[in-house]
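Survey of secondary and tertiary structure
Residue strings, one per chain:
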Amino acid sequence: EVQLVESGGELVQAGGSLRLSCVASGFTFDNYGIGWFRQAPGKEREGVSSISNIDGSTYYADSVKGRFTISSDNAKNTVYLQMNSLKPEDTATYYCAARPWGGSLVPDIYGNWGQGTQVTVSS
């Protein structure tokens, strides 16, 4: 079975950093794209960053460029999201998702999702 497990979310002050992890199992990790998404109360789920494990291509939402970095460790079947210079507007539940053949910031095309990890940024 496909399984994605996020971890690393917690309460942090504005300007601080967090590193989220997404551990994948049940599929051929090297052939998939992995995306990070977030959803705040009353808001639509939005794409944050994605990576293709096939060619290494990455995408970032404009709101996080220069602050967040996505990376993948194929040996560990794990994707990371390093989040620096956090802002209160980054507060959300963060989800990782997987799809074959490449990454994307469009949530509708992903079929496999983790349960999410909560990130709260205080001012």
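Each remark here, short or long, concerns the structure printed above.
Residues numbered from 1 in each chain as written. Predicted model: local features only at pLDDT ≥ 70, side-chain atom pairs only at ≥ 80, totals over all residues. Heavy atoms only, no water.

1. Notes on the overall build of the protein
Helix and strand counts for the protein stand at 0 helices and 11 strands. Beginning at the N terminus, the succession of helices and strands in the protein can be written as β-β-β-β-β-β-β-β-β-β-β. For a compact globule of 123 residues, the expected C-alpha radius of gyration is about 14 Å, and the protein comes in at 13 Å, within 12% of that figure. In terms of overall dimensions, the protein has a C-alpha envelope of 40 × 25 × 25 Å along the principal axes. Going through the 123 residues of the protein one by one, you find that 43% of them count as buried. Of all intrachain contacts in the protein linking residues separated by at least 6 positions in sequence, the fraction that spans at least 24 positions is 60%. In the protein, the 9 positive side-chain charges and the 12 negative ones have mean positions that sit 5 Å from each other. (Helix = DSSP H or I, 4+ residues; strand = E, 2+ residues; numbered from the N terminus. Rg over C-alpha atoms; globule rule 2.2 N^0.38 Å. Buried < 20%, exposed > 50% of the residue type's maximum accessible area, 1.4 Å probe, protein only. Contact = heavy atoms within 4.5 Å. Lys, Arg positive; Asp, Glu negative; His and termini not counted. Charge placed at Lys NZ, Arg CZ, Asp CG, Glu CD.)

2. Considering the packing of aromatic side chains
Taken as a whole and judged by the stated rule, the model has 6 aromatic pairs. Taking 6.4 Å as the distance between ring centres and 35° as the angle between the ring planes, the aromatic pair formed by Phe27 and Phe29 counts as tilted. Look at Phe27 and you get buried, because its relative accessible area is 15%. Note on Phe29: relative accessible area 3%, which makes it buried. Centre to centre, the rings of Phe37 and Trp113 are 5.0 Å apart; their planes meet at 55°, and the pair counts as tilted. Of the two residues, Phe37 sits in strand β4 (residues 32-39) while Trp113 sits in strand β10 (residues 112-113), which places them 76 residues apart along the sequence. The exposure class assigned to Phe37 is buried, which follows from its relative accessible area of 0%. The class for Trp113 is partly exposed, based on a relative accessible area of 27%. One aromatic cluster is present, built from ring pairs that chain together Phe37, Tyr95, Tyr110 and Trp113. A cation over an aromatic ring shows up here: Arg45 above the ring of Tyr95, its NZ or CZ 4.0 Å from the ring centre. (Phe/Tyr/Trp six-rings, centres within 6.5 Å; stacked < 30°, edge-to-face > 60°. Lys NZ or Arg CZ within 6 Å of the ring centre and 35° of its normal.)

3. Topic: the state of the cysteines
In total, this model carries 1 disulfide according to the counting rule given. The disulfide bridge from Cys22 ends at Cys96, spanning 2.1 Å between sulfur atoms. Judged by the sign of its S-S torsion, about 65°, the bond between Cys22 and Cys96 is right-handed. Placement of the pair is Cys22 in strand β3 (residues 18-25) and Cys96 in strand β9 (residues 92-100), with a sequence separation of 74 residues. Owing to a relative accessible area of 1%, Cys22 belongs among the buried residues under this scheme. (Disulfide = S-S within 2.5 Å.)

4. As for the pairing of strand β11 (residues 117-122)
Residues Thr117, Val119 and Val121 point to one face of β11 and are all buried, whereas Gln118, Thr120 and Ser122, pointing to the other face, are not buried. Alignment of strand β2 (residues 11-13) against β11, held across 3 bridges, turns out to be parallel. Its bridge partner being in β11, Leu11 is matched across the sheet by Thr120. Relative to β11, β9 runs antiparallel, the two sharing 3 bridges. Across the sheet, Thr93 pairs through a bridge with Gln118, a residue of β11. (Pairing = 2+ DSSP bridges.)

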